[in-house]
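As a plain string of letters, each chain reads:
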Amino acid sequence: MTILELTKEEIDKYIDDLYSCFPTGREFEIFLNSFLSALGFEEVVTTQYVGDKGIDLTCTKTGLDTKNGTDTINYYVQAKRYARSNKVQPKEVRDLKGTTKRDK
């Protein structure tokens, strides 16, 4: 196996290219729907854009946790398309975690 190592400049270029593909957060959410489906997630749904309570997509995956007897696992996705200089804050993660407690 060959490990590809990128320079900081190459990484920055790839990130800039990725950002330019999705001018809005909604376009990023729609892309994620197709991406998750291609990865084998099922029932991938992009939620309404406003009033989604922080959940941007939902999906399921079956057959993952046979040890605990769970055949289907529900996933909740919150997509953020921040400016590159912004970081996801701990509050955002806590809010998402609180929203998803209704479905373990």
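This one's a predicted model, so the numbers in the text were calculated from it and none came from an experiment.

Visitor: Quick rundown of helix H2 (residues 25–38)? Include the residues and the values.
Guide: The end-to-end C-alpha separation of H2 is 20 Å, in line with the 20 Å expected for 14 residues at 1.5 Å each. Along H2, the residues classified as buried are Phe-28, Glu-29, Leu-32, Asn-33 and Leu-36. The buried residues of H2 occupy an angular sector of 150° when the element is viewed end-on, so they sit on one face. Within two residues after H2, Gly-40 carries a phi angle of roughly 100°, on the positive side.

Visitor: Break down the nonpolar core for me, with residues and values.
Guide: Counting eight residues, the largest nonpolar core is built from Phe-22, Phe-28, Leu-32, Leu-36, Val-44, Leu-57, Cys-59 and Ala-79. In terms of residue count, H2 provides more of this core than any other element does, three residues in total. If near-sequence neighbours (up to four positions away) are discounted, Val-44 is found in contact with Asn-33, Leu-36, Ser-37, Leu-57, Thr-58 and Cys-59.

What counts and what doesn't
Residues numbered from 1 in each chain as written. Predicted model: local features only at pLDDT ≥ 70, side-chain atom pairs only at ≥ 80, totals over all residues. Heavy atoms only, no water. Helix = DSSP H or I, 4+ residues; strand = E, 2+ residues; numbered from the N terminus. Expected span 1.5 Å × (residues − 1). Buried < 20%, exposed > 50% of the residue type's maximum accessible area, 1.4 Å probe, protein only. Arc of directions from axis to C-beta. Core = buried A, V, L, I, M, F, W, Y, C linked by side-chain atoms within 4.5 Å. Contact = heavy atoms within 4.5 Å.

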